Amino acid sequence: ETSYENLLVEQHGAVTLVRLNRPQALNALNSAVLEELITAFAAFEADPTQRCAVLTGAGEKAFAAGADIKEMAQKPAADFYAEDTFSRWTSHFAKAVRKPWIAAVNGFALGGGCELAMMADFIIASDTARFGQPEIKLGIAPGMGGSQRLARAVGKAKAMEMCLTGRMMGAQEAEQSGLVARVVPLANLLDEALKTAAEIAAMSPLAAIANKEMVQAAFETTLDQGLLIERRIFQVLTATQDRLEGMAAFIEKRPAVWQGK
Ligand code: CAA
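Since we're looking at a predicted model, the values are computed, not measured. (Residues numbered from 1 in each chain as written. Predicted model: local features only at pLDDT ≥ 70, side-chain atom pairs only at ≥ 80, totals over all residues. Heavy atoms only, no water.)

1. Regarding the site of the ligand
In the region of the ligand, 24 residues are neighbours, and K61, I69, G112, E115 and E135 sit closest. Here a nitrogen atom of the ligand sits 2.9 Å away from a polar atom, N or O, in the main chain of I69. With respect to the ligand, the backbone of G112 contributes an N or O atom lying 2.8 Å from an oxygen atom. Coverage of the ligand by the protein amounts to 66% of the 990 Å² it exposes when considered alone. When residues of the shell around the ligand are traced back to their parent elements, those giving at least two are α2 (69-72), β6 (108-110) and α5 (112-119). Ranked by residues supplied to the shell around the ligand, first place goes to α2 with 3 residues. (Near = heavy atom within 4 Å. Polar contact = N/O pair within 3.5 Å; in protein donor to acceptor, adjacent residues only side chain to side chain. Areas by Shrake-Rupley, 256 points an atom, 1.4 Å probe, with all protein chains shown as cover. Helix = DSSP H or I, 4+ residues; strand = E, 2+ residues; numbered from the N terminus.)

Put into structure tokens, the structure is as follows:
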């Protein structure tokens, strides 16, 4: 078991629960948090008993209030460029996780916090959740995907308005706009997210990865290429034992027993 300074990680059956745990800084995302998230999600990815993950924020106030402003405030521009700051969020985190995971947003998801939530396969939000890209108020702009993922999630009008004014969006508006899958009372958030994750974890793990991969392709490519990717992945799944089992179980009116083969 790895221990973390900025995360709490627990296994609930086949579901890995990861909590951002810097409540004194509203779970702001500094470089230590990033490295620990990379490690924790790599362990989730490598553990065949773990099938789905939930990421949430410790404390009732914030999922994450952004990239750590105190860490960035005095950093020279040349260092941002030399380190290609924020690139590891894509290359070593978002793109490195093939298994499904859910962001359970329990409060502020601002700047990098909103961007991190949008890296998840989907978001379940508490009724207290608030989303925003307030970077403009700091004289900067999003750097971890906000301008791209928010625009894809809610469309140009709202993405532009939010980036240009820095205003926050509440949970109801976020649901109506397609940013979040579902809103639940804060008191039920963790239970609901874990229950949904357990449902996903009970599916064939190959089918779960395949479904994730093809929906992701919809945001990366043209319709024609996406349809081809969908058919090819569909065809790959027909070669699995789980597909034979799933169809047989349906016909025999019994629950399927998945092998991940
Ligand atoms: N970085 C570092 N520390 C942060 C932080 C952040 N993003 N957000 C909050 N904190 C710290 C505060 O500095 C404060 O610490 P101290 O007690 O040591 O002063 C502590 O968390 C509690 O915060 P507040 O006292 O400000 O709490 P509040 O209830 O008055 O306000 C808030 C809450 C509206 C979320 C406010 O904290 C806020 O506006 N935070 C910054 C939000 C922001 O601008 N995020 C974007 C960051 S830039 C970015 O993310 C770039 C990118 O795209 C990658």
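2. Section: helix α7 (residues 156-165)
Of the residues making up α7, those classed as buried are A159, M162 and C163. The buried residues of α7 occupy an angular sector of 95° when projected down its axis, which confines them to one face. Of the exposed residues in α7, those oriented more than 90 degrees away from the buried face are A157 and L164. Contact partners of the buried residues in α7: β8 (130-132), α6 (146-154) and β9 (169-170). After α7 finishes, the residue G166 shows a positive phi value of roughly 75°. (Buried < 20%, exposed > 50% of the residue type's maximum accessible area, 1.4 Å probe, protein only. Arc of directions from axis to C-beta. Contact = heavy atoms within 4.5 Å.)

3. Topic: the side chain of N30
Mapping N30 onto the fold places it in the loop between β2 (15-20) and α1 (31-46). Given the relative accessible area of 13%, N30 is considered buried. Excluding residues that lie within four positions of it along the chain, N30 makes contacts with R22, D68 and E71.

4. Considering the pattern of salt bridges
For side chains of opposite charge, pairing can occur when their charged atoms come near one another. Per the counting criterion, the structure on display carries 13 salt bridges. The residue R22 makes a salt bridge to D68 at a minimum N-O spacing of 2.8 Å. Taken as a pair, R22 in the loop between β2 and α1 and D68 in the loop between β4 (62-64) and α2 lie far apart in primary sequence, 46 residues in all. Residue classification places R22 among the buried positions, given a relative accessible area of 13%. With its nearest N and O atoms 3.0 Å apart, the salt bridge here joins R182 to E192. Of the two residues, R182 is situated in strand β10 (residues 182-184) and E192 in helix α9 (residues 189-201); the sequence distance between them amounts to 10 residues. Residue classification places R182 among the partly exposed residues on the basis of a relative accessible area of 30%. (Salt bridge = Lys/Arg side-chain N within 4 Å of Asp/Glu carboxyl O.)

5. Describing the packing of α5 against α6
Between α5 and α6, the least distance of the axes is 9 Å, while the angle of their chain directions is 55°. Relative to α6, the element α5 lies oblique. Regarding α5 and α6, the two cross each other, and that crossing is left-handed. The segment α5 lies against α6, with E115, M118 and M119 engaging G146, R149 and L150. (Axes fitted to C-alpha atoms, helices over the stretch in contact; angles between N-to-C directions. Parallel < 35°, antiparallel > 145°, perpendicular 65-115°, else oblique. Left-handed = near helix turned anticlockwise from the far one by under 90°.)

6. Some points on the packing of helix α10 (residues 205-217) against helix α11 (residues 223-237)
Two elements in contact, α10 and α11, have axes separated by 9 Å at closest approach and are oriented at 175°. By the angle class used here, α10 and α11 are roughly antiparallel. For the pair α10 and α11, the contacting residues are L206, A207, A210, E213, M214 and A217 in the first and I229, E230, I233, F234 and L237 in the second. Here the contact of α10 with α11 is built from residues that sort into 9 nonpolar, no polar and 2 charged. (Nonpolar A, V, L, I, M, F, W, Y, C, P; charged D, E, K, R; others polar.)

7. Focus: the nonpolar core
Of all hydrophobic cores here, the largest spans 45 residues; its most connected members are L37, L116 and F131. Broken down by element, this core gets its largest block of residues, 7 residues, from α1. Listed in part, the 13 residues of the second largest apolar core include V54, I102, L194 and A201. (Core = buried A, V, L, I, M, F, W, Y, C linked by side-chain atoms within 4.5 Å.)

8. Side note on the packing of aromatic side chains
Any two aromatic rings considered together are summarised by their centre-to-centre distance and by the angle between their planes. One pass over the full model with this rule turns up 5 aromatic pairs. Considering the side-chain rings of F41 and F44, the 6.0 Å spacing of their centres and the 80° angle between planes classify their relative orientation as edge-to-face. In this pair, F41 and F44 both sit in helix α1, 3 residues apart, roughly one turn of the helix. Centre to centre, the rings of F93 and W101 are 5.5 Å apart; their planes meet at 65°, and the pair counts as edge-to-face. The same class applies to F93 and to W101, which are both buried. Three or more aromatic residues link up through ring pairs in this structure, and these residues are F41, F44, W89, F93 and W101. Here the basic side chain of K75 rests over the ring of F80, its NZ or CZ set 4.9 Å away from the ring centre. One cation-aromatic arrangement involves K99 over F44; the distance from NZ or CZ to the ring centre is 5.2 Å. (Phe/Tyr/Trp six-rings, centres within 6.5 Å; stacked < 30°, edge-to-face > 60°. Lys NZ or Arg CZ within 6 Å of the ring centre and 35° of its normal.)

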